[in-house]
Amino acid sequence: LLKSIADPPLGLWVYGSNIGLLSAPQLAMVGSRNPTRSGAETAEHFAHYLSNRGLTITSGLATGIDAASHRGGLAGAGGTIAVLGGGVDCVFPENNRGLAEKIAENGLLVSEYPPATKPRSFHFPQRNRIIAGLSIGSFIVEAAQRSGSLITARLASENGQPEGC
């Protein structure tokens, strides 16, 4: 799927225990960095449910909905992939380092940026195109009108993928 997007990456750096997840059917789950408690719980429950039904949950390791989605994916059979806005050794935000370590143990960290590349604000829209490009659809939870989450949804739609809200 990633080869079919308008601007596919030249390559990917990966870190983790389960490279096979890259070829598994994936669902992008993204949303607010400041969700309500109900929104975060909803994301985690849906991610767990969908992971147990064979989907790999793919998100961006951001605080909020992304982190909740990764936790749900880790709890399910389908696993999770975190696409980073820097090198696979440069976890951002720092408070998600423990989650990133769990993902590396049971899933996969992915980046188009080489190791030691620090996250930059302009990397995150690029990261979003990879999240959308890897996925068969997108599930958006509590996204603001002007957000990276809606960028991901727009990119998924442009790739002909269904959206869920």
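Shown above is the structure to which this text applies.
Described in the following lines is the structure provided in the data block.

Conventions we followed
Residues numbered from 1 in each chain as written. Predicted model: local features only at pLDDT ≥ 70, side-chain atom pairs only at ≥ 80, totals over all residues. Heavy atoms only, no water. Patch = residues over 30% accessible without salt bridge, like charges linked within 9 Å, V, L, I, M, F, W, Y side chains within 5 Å. Areas by Shrake-Rupley, 256 points an atom, 1.4 Å probe, with all protein chains shown as cover. Salt bridge = Lys/Arg side-chain N within 4 Å of Asp/Glu carboxyl O. Helix = DSSP H or I, 4+ residues; strand = E, 2+ residues; numbered from the N terminus. Buried < 20%, exposed > 50% of the residue type's maximum accessible area, 1.4 Å probe, protein only. Contact = heavy atoms within 4.5 Å. Pairing = 2+ DSSP bridges. Right-handed = clockwise from strand over helix to strand, strands pointing away. Axes fitted to C-alpha atoms, helices over the stretch in contact; angles between N-to-C directions. Parallel < 35°, antiparallel > 145°, perpendicular 65-115°, else oblique. Left-handed = near helix turned anticlockwise from the far one by under 90°.

Thoughts on a nonpolar patch on the surface
On the surface, Leu-12, Val-14 and Ile-19 cluster together to form a nonpolar patch covering roughly 220 Å² of accessible area. Along the chain, the position of Leu-12 falls in the segment before strand S1 (13–16). With a relative accessible area of 30%, Leu-12 lands in the partly exposed category.

A look at the environment of Leu-74
Within the secondary structure layout, Leu-74 lies in helix H2 (residues 65–75). Distance in space between the C-alpha atoms of Leu-74 and Asn-52 is 9.8 Å, their sequence separation being 22 residues. The residues touching Leu-74, leaving out its near neighbours within four places in the chain, are Thr-80, Leu-99, Lys-102, Ile-103 and Asn-106.

Brief notes about the pairing of strand S3 (residues 56–59)
Where burial is concerned, the two faces of S3 agree: the one with Thr-56 and Thr-58 and the one with Ile-57 and Ser-59 are both buried. In this structure, S3 lies alongside strand S4 (residues 80–83), joined through 3 bridges in parallel fashion. Within the sheet, the bridge partner assigned to Thr-58 lies in S4 and is Ile-81. With H2 bridging S3 and the parallel S4, this β-α-β connection has right-handed handedness.

Topic: the packing of helix H1 (residues 37–52) against H2
Viewed as axis vectors pointing N to C, H1 and H2 meet at an angle of 30°, and their least axial separation amounts to 7 Å. Between H1 and H2, the angle is such that the two are roughly parallel. Crossing geometry of H1 relative to H2 is assigned as right-handed. In this structure, H1 uses Gly-39, Ala-40, Ala-43, Glu-44, Ala-47, His-48 and Ser-51 to contact H2, whose residues at the interface are Ile-65, Ala-68, Ser-69, Arg-71, Gly-72, Gly-73 and Ala-75.

Brief notes about unusual backbone geometry
Peptide bonds are, in most cases, trans, and in most cases residues other than glycine have a negative phi. In this structure, the amide linkage connecting Phe-92 to the following residue, Pro-93, adopts the cis form with an omega of 0°. Positive phi values are uncommon outside glycine, yet Leu-61 reaches one of about 65°. Unlike most non-glycine residues, Ala-116 shows phi in positive territory, near 75°. Along the chain, Ala-116 falls in the loop between strand S5 (108–111) and helix H4 (123–134).

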